[in-house]
Each structure stands twice: as C-alpha cells, then as structure tokens.
Amino acid sequence: MRCTRVVVVGLDGLEPSIVEAMMARGECPNLARLSREGGYRRLATTLPAQTPVAWSSFAVGANPGAHGIFDFLTRDPTSHRPQVALFRYEQKSRFLPPRAVNLRGGKPVWTWLSEAGVESTVLRHPCTYPPDAPRGRMLAGVGVPDIRGGFGATSWITDAPEGPGRESEHLAQVIPGRDGRATLHLRGPRAGAEDATAEVRLRVRPAAGSAEASVELAAEGSEPLSVAEGRWSDWVRLRFKVGTLQRVHAQVRFHLVTVSPLRLHAGPVQFDPDEPLFPISHPWDYAGELRRGVGRFHTLGMAEDHTGLNNGRITEDAFLAQCQDVLRERKAMMHYELARLDRGLFFCLFDTPDRIQHMFWRFRDPAHPAHRGETPRPETARVIEDHYRACDGIVGEAWEHAGDDTLFVVASDHGFTDFRRAFHLNAWLHGQGYLALKGGVEPGEGAGDLLEHVDWSRTRAYACGLAGLWLNLKGREAEGIVPPAHAEALKAEIAARLGGLPDPERGDLAVRRVVRREDAYSGPHVERAPDLLLCCAPGYRISSASAMGGVPAPLFEDNLERWSGDHVVDPAAVPGVLFMNRPVATPSPSIVDLAPTILGALGAPGEETMEGRPLLP
C-alpha cells in the first residue's frame, strides 16, 4: 500500500502489559481506537534491549551487527578502559579543531528515502550525534553529550561544607556576603590542561512579606532572572572562554531547593541550540530554527535530570516537573513540524516514558528494596499510569494529522520490568578465576573503577557495559593473554557456568542464558560486539559498578537506588509495542521490520536489502 506520508511517534520504553491493561480499562482511548481500526502487536526488541541499540536497529532495519551499536558503553582495546560507544571525538592535527564522529554504521531509512528524493523530518532519534545529512531536517537525540562530553554531569551549589560530590556531580561551595551576593563558577569544556569556567552571579533573597524566598541568577551577556524555592529556573545562557578569541556558548537550568541554607542544584550544562559547540542538527542551523519556533529547549540526549534525582538532590516532584517541561518541548516540536508536513517521513521520539519508569518503578512494588524501609506516598503509585495517559493524548494529537494517505505508527523500542537486584559480573569473574587484580588489591572500593587495578597478565575475561563481557584476547586487546585458538572453548566454558546462575541469597534465577556474539549478530560490525551477551532474568541486571569497570566484593546486592526499573534483561521478557492505522501483516513483528515497512509505504527502494520484512499486507 503506497502512502504520501508516514508519521512515526516513538514512545520510549512503553511496556505492553501496562498499555494493554489501561486500554482494557478505557484509560488509553487513542491507542485503543488505533488498535481497533488498524492493528496492535507486541514488538520484538534487540539483544540487548537498550534504547541506542534498538532504535538503531529500527533505523537500519537489521540486527545490531549491521550498525555496530551494542551498548551505551564499550571498551577501548588499547587501554581496556570503558568508553562511550555512540560517538567519539577526533583531532587529526593540533592545527585543526576536533570533530565529533557518529559510531553508528549501516544505512538508515532516511538515507534510503533521500536517495529516492523523499524528505524526512527526524526529531531526537538516538545515535544521530553528530547528525546525518538527510534530504530534510534532523535534530539529534540520545547520544548528544553535555558540554563536557558526558551523559549529563550536574553541580551542587551550597554555602554549607559537604563531603565529595555524588555520582556525576561537581560540588561547589559559595558563601554569600551580607548583601546576599556571591559568584559561582560552573565547569565547562576542557581548555588545554584546565576546565573552562563560566561565571554566574548569585543574589540570595530570603522570604520577606508576601515575596517568596528566591535566588537571582545572572551570567555574562544575559539578563538576570530569579528562581523561587522548590522551582526550576528558566534557561541561563553561558559563555566559556576556551581560547584567546574563542567562546563556547551553552545553557543550564537551576533548581532551588532552599535559600537557607543555600542548596542549589544545577542540571547538566548543555549545548546552546543557537550556537552548539558541535553540530546537533541538520541543517546546522535547524536547532536554532526550532528554538525560534518553539522556544528554548533541552539539547542533551538524556534530557530528563535523573542524575539529580538519583543523587537525592532534587525530589520526585521536581523531577516530574522537569520531565513535563521536556514533554512540552517535544510536543511543540511535533506540532511545529506536522503542521508543514506535506509528504515523506516524520519521526519524533518521546523519551520521558523510559526515564519516568526508571525512576518510579519502585512505587509499583511496596516491598522494593529502594524504599529503604520508608512508606512511599500513595500518589506516587499512579505516576507511570498518569504519564501513559499523557502519552495517549500525544498519540491523539499526532493522529489528527494522519489522513487516508498516511501510514501512522506508534512504537516503543522495548518494554520495562523490575530492577531489584544488581549482579556484579566482574566480582563473579574474579571469584571464578577469570579476572585477577593487582597484588594487594581486593574486590570492593579499593579496586576502583575503569578496570584500573586489573592485572591483565592474569586476566582472561572482564565485563564492561550493561550486557556483555569480553575476552582478554591476545592480538586484539593491548595486553591480551588468551590465544585465539582457545577463545571458543573459553567462551563455551564461561557461558555454561553463567547460564542459569542462581542468586544464592534469594534462590531466584538471576541469569537466564548467555549468548555468543556470533549466534546473536550478523553483519559488518560483529567484531565490535562483546564476546558474550548476558540475558538476565527480570528483577536482575548487571550492576552499574561492573558496567563501569568496577570489581565489587559481593556477587549480588539489593538495588537501593531510585533508578529502580530497567529493561536490560532477556529481550523476550521486555518486548515493545506496535500500533498502526493499518492491519499488521504478521503476528510476531520485530523492530527491524519497521524500516522496510516505511520504505514500502513511501514507494522507495531498499527494503529488499534489509533483514526486516514489511508489515503491510
């Protein structure tokens, strides 16, 4: 069936069991109607079931071996250190500026459409930093870093002395004078051997009469603005001096917790959409066009401030308020573009369902260890369903733009489940004799992170990322010791020991199965994948400590973090959802089927080269 337009609304992480129950209760009327008038299926996801992995497979219509994105993190074989897997920075000469390089391979659907003369508008698709150059417009999504090159570092500003900053956080102490004034220096990009900083002037204003307690904020070249206690500020624009004549432009928002004592949370410092440090849109000035059209917006790939909540710096209410701001921005972009969509592909991803479920899943389970013995507020149990209702409303608004000549698609990349117990994979490898630490170093805090205290001369396997482990292969890793001829036997041995692994403290199954990369993937990028992939049982996940190259002491540990729900488990346990305004031709669709479906609907070539199969009759 040929169409003039294809409209795809991505709802990251929407869980089928929740959607189906809410439709049955009449709480998601737009999705229920879409199911009746078109089709609905659960959608098979990727291994691992991760946002950058699954959406990249959506884009290229094939398994991760075709595009080379297997996790948020990978390891550098020359140093064994974990590193970002989505992009890298290159500087071929000290006389040339650095440039960002997108590490996603494969040929995405919008490139096939461009070659056929069909335009695409792609808003916030993961792994598009820096963006491709399709015929049309693109705003990059998950993968866009903060101004320092990370996934979202925050700052905690206080007038009271504290210990070291918390995870991904910079601690800044400022002492206001008698007039309430102080100066804050926020960290920015590297400028030679030092961090560039931007000056923000503060003025503390205690409550007086009917006036709320607040802090006035002013940065170079920006008008002062005020933020009241318990509120988020508007955007503060920053300038970082990184050279004699060079300035880097950025933006940041603050959340004022209290005035006395001063407790001020600064979210991640982000690219300014008008003047980003590296390209975040195509054409280059499209981000600026959107800013002028819909207002200033978050540019960070992981826009929702989960770091602030996970660190206990902001409350659940403050996190939800910020998520609502992100949702409003994305809706405004969607309407801005759908209003001028005549033909071609429109894609817009809404990330907030994923982030809210990560942080609020514990409220679905009164016994979740993350409660730490506290009784949660009753209203928090409804947060996820409330957000699903908001997403259903977005579907209805987008559907209004879909006529008879439009294929309308709503999809999630994966589902969601509980995360109650963390599995320290590097601790298991150490205990089984596959990973060795340097003399005098024991598992635990002393082992550090980033695999820094691993004795590579005695290590045969190590973990990095949220789903896989690597062999210390001779000739591949810088200090590899495993002969290639022994690799298959070692993989089989580790897989046999790990598959079916129980949690001895709970008696539950923790690891369902272990898969060799050659059995999971095919394509030109298989060699970039971990050697073995773990499929954890729901309720379990590889720990963040192991993902970052730590070697904790216990094998298993209760997850006490606010990040209490997850999806990096056996993909069979967390399928996504698929709704279309046309019947779905197969009872078992996969996320790799959507790119060939889009190409077929728009009459563009390329679907026959893809692993997926079209879903239209």
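Residues numbered from 1 in each chain as written. Predicted model: local features only at pLDDT ≥ 70, side-chain atom pairs only at ≥ 80, totals over all residues. Heavy atoms only, no water.

Asks: When you look at the sheet that holds strand S20 (residues 281–282) in this model, what are you seeing that I'm missing?
Replies: The strands making up a sheet associate through hydrogen bonds between their backbones, and the pairing can be parallel or antiparallel. Ordered by their spatial adjacency, 8 strands build an open sheet running S2-S33-S22-S1-S21-S7-S8-S20, and the pairing between neighbours is mixed. Bordering the open sheet on either side are strand S2 (39–43) and S20, each of which pairs with just one other strand. Note that strand S22 (residues 406–411) and strand S33 (residues 576–580) share 3 bridges and pair antiparallel. Following the sheet pairing, Val409 is matched in S33 by Met580. Running at roughly 65 degrees to S33, helix H2 (residues 29–37) makes contact with S2, S22 and S33 of the sheet. (Pairing = 2+ DSSP bridges. Helix = DSSP H or I, 4+ residues; strand = E, 2+ residues; numbered from the N terminus. Contact = heavy atoms within 4.5 Å. Axes fitted to C-alpha atoms, helices over the stretch in contact; angles between N-to-C directions.)

Asks: Help me out: how do you make sense of the pairing of strand S29 (residues 532–536) in this one?
Replies: Each regular strand shows side chains that alternate between the opposite faces of the sheet. In terms of residue burial, S29 counts as a mostly covered element, since 5 of its 5 residues are buried. Of the two faces of S29, the one lined by Leu532, Leu534 and Cys536 and the one lined by Leu533 and Cys535 are each fully buried. Strand direction decides the pairing type here: strand S25 (residues 468–471) and S29, joined by 2 bridges, are antiparallel. Considered in S29, the bridge of Gly468 is made with Leu533. Across 5 bridges, strand S28 (residues 511–516) lies against S29 in antiparallel orientation. Paired with Val511 across the bridge in S29 is Cys536. (Buried < 20%, exposed > 50% of the residue type's maximum accessible area, 1.4 Å probe, protein only.)

Asks: I'm lost on the side chain of Ser214 in this one. Help?
Replies: Topologically, Ser214 is positioned in strand S13 (residues 214–219). Setting aside its immediate chain neighbours within four residues, Ser214 contacts Arg203, Val204, Arg205, Val227, Ala228, Leu256 and Val259.

Asks: Looking at this model, I keep getting lost on empty space enclosed by the protein. Mind explaining?
Replies: If you walk through the whole model with that rule in mind, you get 2 cavities of 30 Å³ or more. Taken as a whole, the largest cavity holds about 110 Å³ of empty space. Every residue lining the largest cavity is listed: Asp146, Ile147, Arg148, Ala153, Thr154, Ser155, Glu169, His170, Leu186, Arg187, Gly267 and Val269. Grouping the constituent residues of the lining of the largest cavity by class yields 4 nonpolar, 4 polar and 4 charged. Of the pockets and cavities examined, the second largest cavity occupies roughly 60 Å³. Around the second largest cavity sit Trp232, Trp235, Arg253, Gly267, Pro268, Gln270, His298, Asp305 and Gln322, which together line it. (1 Å grid on protein atoms, 1.4 Å probe; cavity = no way out; pocket = protein on both sides within 12 Å on 5 of 7 lines; lining within 4 Å. Points joined across faces, edges and corners; volume = space filled by probe spheres on them. Nonpolar A, V, L, I, M, F, W, Y, C, P; charged D, E, K, R; others polar.)

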